[in-house]
Amino acid sequence: MASMVLFEANVLAVLSEVLSAIFAEVMQGKPEFTDHLTHKLKHHPGQIEATAIMEHILDGSSYVKEAKKLHEMDPLQKPNKTDMLSGLHLNGLINCVNDNPLIDVSRNKALHGGNFQGTPIGVSMDNTRLAIAAIGKLMFAQFSELVKDFYNNGLPWNLSGSRNPSLDYGFKGAEIAMASYCSELQFLANPVTNHVQSAEQHNQDVNSLGLISSPKTAEAVDILKIMSSTYLVALCQAIDLRHLEENLKSTVKKTVSYVAKKILTTGANGELHPSRFCEKDLLKVVDREYAFAYIHDPCSATYPLMQKVRQVLVDSALKNGEECQHLNLPKNSGIRGRVEGAFAQKGGERKSWGGEIDSKPNQGVQVISIVQNLRGRSLEQGC
């Protein structure tokens, strides 16, 4: 039984390494945690093996390459395989011979040395549960970072992806369940072999307790399986949200670029506009803002995207105030209402994160008037 439990524990340890690599990708983490030197100097074979597996999985990842350029996060957590999951003790015990009695044919002796102590089985299972508890704790820590919008680098709160994020709890319940699983693993990590009692009128003063420790380890393995499957579902959700984020951000950038080229290149009389170089700054705003922070209502004046876009236009108007005085610009009227109309041409799509907002010309023309109004308001205040 101990051999079967240990086999499953090692399989789950490898699975945890795969999940950690996926976690690093969806979190857009820096790949420095897989650097060879870091783990070579640690002189730990299990850690080197785990890192090599994750480095192989992350090879060619576009997310990690991008994060390497931006240096967005600290090195991420990873499982640390130790000799707790080693089968050396079990291999030796499975192939050993007990002396109860041991017959030595060459010497014509029957040895009764009482050397049938199985404590290494119980100790090995105790150590395996400790390793399983450590893997589960790391898995829970990664899960908590994945669902927390403060740490997950732009993903929505609790990985919520529904049409109404205010009513969707996402993986909140799953995180609570993960906390319960982790607590149970910590409890099961307590050793069994230190509870040994003298039995058979002190004929068996020390017992292995392997038949207690092995089932408890099997129970811990089952809990870690549940944690791994829950974590895997959350990672799949995060991958889908990253893909959606890319599409949404690309659409917003195309729309902003189209409007900037249409409006900020020339003035009303055909002269070169002093704010024609604003496009780059506007696109930087889109790049730096998390898409899920505004995408269900991109026109809201209280959300950071519109605030920072307007700030770029205001700063440009103030910087080029002298040249702006000669331009014929319309005055502002109902800015927010017209902005909302421009982004809601497909039947209320701004209310849904899943609705694709593209940069078709009929939308761009309406956005043009918005930028004109914003620019007119900025000049009235600053020029």
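This write-up is about the structure you can find in this document.

1. Notes on the overall build of the protein chain
Point 1. Counting its secondary structure elements, the protein chain contains 13 helices and 2 strands.
Point 2. Counting across all 383 residues of the protein chain, residues that qualify as buried make up 43%.
Point 3. In the protein chain, the proportion of contacts linking residues at least 24 apart, taken out of those at least 6 apart, comes to 76%.
Point 4. Of the roughly 20,500 Å² that the protein chain leaves accessible, carbon and sulfur atoms contribute 55%.

2. Some details on unusual backbone geometry
Point 1. Positioned with a positive phi, Asn 158 is a non-glycine residue whose angle comes to about 60°.
Point 2. Relative to the helices and strands, Asn 158 is located in the loop between α6 (119-147) and α7 (172-188).

3. Digging into the side chain of Ser 214
Point 1. Examined against the element boundaries, Ser 214 turns out to sit in helix α8 (residues 210-263).
Point 2. Note on Ser 214: relative accessible area 3%, which makes it buried.
Point 3. Beyond its immediate sequence surroundings of up to four residues, Ser 214 is in contact with Met 1, Ala 2, Val 5, Ile 121 and Met 125.

4. Concerning the environment of Ala 13
Point 1. Within the fold, Ala 13 resides in helix α1 (residues 2-26).
Point 2. By relative accessible area, which is 0% here, Ala 13 ends up buried.
Point 3. Residues Ala 13 and Ile 135, spaced 122 residues apart in sequence, show a C-alpha to C-alpha distance of 7.3 Å.

5. Focus on the environment of Pro 191
Point 1. Tracing the backbone through its elements, the reader meets Pro 191 in the loop between α7 and α8.
Point 2. Taking the C-alpha atoms as reference points, Pro 191 and Met 125, separated by 66 residues in sequence, lie 8.7 Å from one another.

6. Section: the pattern of salt bridges
Point 1. Using the criterion set out here, one finds 7 salt bridges in the structure.
Point 2. Two residues, Lys 253 and Asp 287, come together in a salt bridge whose shortest N-O distance is 3.1 Å. Linking Lys 253 in helix α8 with Asp 287 in helix α9 (residues 278-288), this pair joins segments that are 34 residues apart in sequence.
Point 3. Overall, Lys 253 belongs to the partly exposed group, its relative accessible area being 27%.
Point 4. Classification of Asp 287 by relative accessible area gives partly exposed; the value is 41%.
Point 5. For Lys 308, the salt bridge is made with Glu 289, and the minimal N-O distance between the two is 2.5 Å. One end of the pair, Lys 308, is in helix α10 (residues 304-319); the other, Glu 289, is in the loop between α9 and α10, with 19 residues separating them in the sequence.

7. A closer look at a nonpolar patch on the surface
Point 1. Where nonpolar side chains cluster on the molecular surface, the patch consists of Val 97, Leu 102 and Leu 111 and spans about 230 Å² of accessible area.
Point 2. Within the element layout of this structure, Val 97 appears in the loop between α5 (88-94) and β1 (102-104).
Point 3. Residue classification places Val 97 among the exposed residues on the basis of a relative accessible area of 63%.

8. Comments concerning the packing of aromatic side chains
Point 1. In total, this model carries 3 aromatic pairs according to the counting rule given.
Point 2. Ring centres of Phe 23 and Tyr 231 lie 6.5 Å apart, and the angle between their planes is 50°; this geometry places the pair in the tilted category. One end of the pair, Phe 23, is in helix α1; the other, Tyr 231, is in helix α8, and 208 residues separate them in sequence. With respect to class, Phe 23 is no different from Tyr 231; both count as buried.
Point 3. Taking the centre distance of 5.1 Å and the plane angle of 90° together, the rings of Phe 150 and Tyr 151 count as edge-to-face.
Point 4. On the basis of relative accessible area, Phe 150 is assigned to the exposed category, the value being 66%.

9. Some remarks on the nonpolar core
Point 1. Membership of the largest hydrophobic core comes to 58 residues, with the highest contact counts inside it found for Met 139, Phe 143, Leu 146, Leu 159, Tyr 231 and Leu 282.
Point 2. Where this core is concerned, the elements lending two or more residues are α1, α6, α7, α8, α9 and α10.
Point 3. Residues contacting Met 139, with those up to four places away along its chain left out, are Ser 16, Leu 19, Met 178, Leu 224, Met 227, Ser 228 and Tyr 231.
Point 4. Membership of the second largest hydrophobic core comes to 5 residues, among which are Ala 21, Ala 24, Phe 33 and Leu 58.

10. Observations regarding the environment of Tyr 258
Point 1. Tracing the backbone through its elements, the reader meets Tyr 258 in helix α8.
Point 2. A relative accessible area of 27% means that Tyr 258 is categorised as partly exposed.
Point 3. Considered as a pair, Tyr 258 and Glu 279 are 21 residues apart in the sequence and their alpha carbons are 9.3 Å apart.

11. Overview of the packing of α1 against helix α3 (residues 45-58)
Point 1. Where α1 meets α3, the axes come as close as 9 Å, and the angle between the chain directions of the two elements is 50°. Compared by their axis directions, α1 and α3 come out oblique. Considering how the two elements wind past one another, α1 and α3 form a crossing that is right-handed. Residue-level contacts link Glu 17, Val 18, Ser 20, Ala 21, Ala 24 and Glu 25 of α1 to Ala 50, Ile 53, Met 54, Ile 57 and Leu 58 of α3.

12. What about α3?
Point 1. Between its first and last C-alpha, α3 extends 20 Å over 14 residues, near the 20 Å set by a 1.5 Å rise per residue.
Point 2. Among all positions in α3, only Gly 46, Gln 47, Ala 50, Thr 51, Met 54 and Leu 58 are buried. Summarising the axial view, the buried residues of α3 lie within an arc of 130°, below the 170-degree limit, and thus occupy one face. In α3, the exposed positions angled more than 90 degrees off the buried face are occupied by Pro 45 and His 56.

Calculation rules
- Throughout, residues of each chain are indexed from 1 in the direction in which the sequence is written.
- For this predicted model, a pLDDT threshold of at least 70 governs which residues receive local features, and a threshold of 80 or more governs which side-chain atom pairs are given and counted, while totals over whole chains, interfaces and linings are taken from all residues.
- Side-chain figures throughout are based on the complete set of non-hydrogen atoms in the structure, without hydrogens or water.
- Secondary structure elements follow DSSP: runs of H or I of four or more residues count as helices, runs of E of two or more count as strands, with numbering from the N terminus.
- Relative accessibility under 20% of the residue-type maximum defines a buried residue, over 50% an exposed one, and the middle range a partly exposed one, all with a 1.4 Å probe and only protein chains included.
- Between two residues, a contact is recorded if the distance between any of their heavy atoms is within 4.5 Å.
- Accessible areas in this description were obtained via Shrake-Rupley with a 1.4 Å probe; residue shielding takes into account the shown protein chains only.
- By definition here, a salt bridge exists when the distance from a side-chain nitrogen of Lys or Arg to a carboxyl oxygen of Asp or Glu is within 4 Å.
- Residues enter patches when they are more than 30% accessible in relative terms and free of salt bridges; like-charged ones are connected within 9 Å and nonpolar ones (Val, Leu, Ile, Met, Phe, Trp, Tyr) within 5 Å.
- Each pair of aromatic rings taken from Phe, Tyr and Trp, with Trp reduced to its six-membered ring, is defined by centres within 6.5 Å and is described as stacked if the planes are under 30 degrees apart, edge-to-face if over 60, and tilted in the remaining cases.
- For our purposes a nonpolar core is just a set of buried Ala, Val, Leu, Ile, Met, Phe, Trp, Tyr and Cys residues, chained together by side-chain atoms within 4.5 Å.
- Here an axis means a line fitted to C-alpha atoms, over the contact stretch when the element is a helix, while the angle between two N-to-C directions is reported on a 0 to 180 degree scale.
- Should an angle fall under 35 degrees it is called roughly parallel, over 145 degrees roughly antiparallel, and 65 to 115 degrees roughly perpendicular, with every other angle called oblique.
- Should the near helix be turned anticlockwise from the far one by less than a right angle, the crossing is left-handed, and should it be turned clockwise, the crossing is right-handed.
- One less than the residue count of a helix, multiplied by 1.5 Å, gives the span that helix is expected to have.
- Regarding the arc, it is the one traced by the directions from the helix axis to the C-beta atoms.

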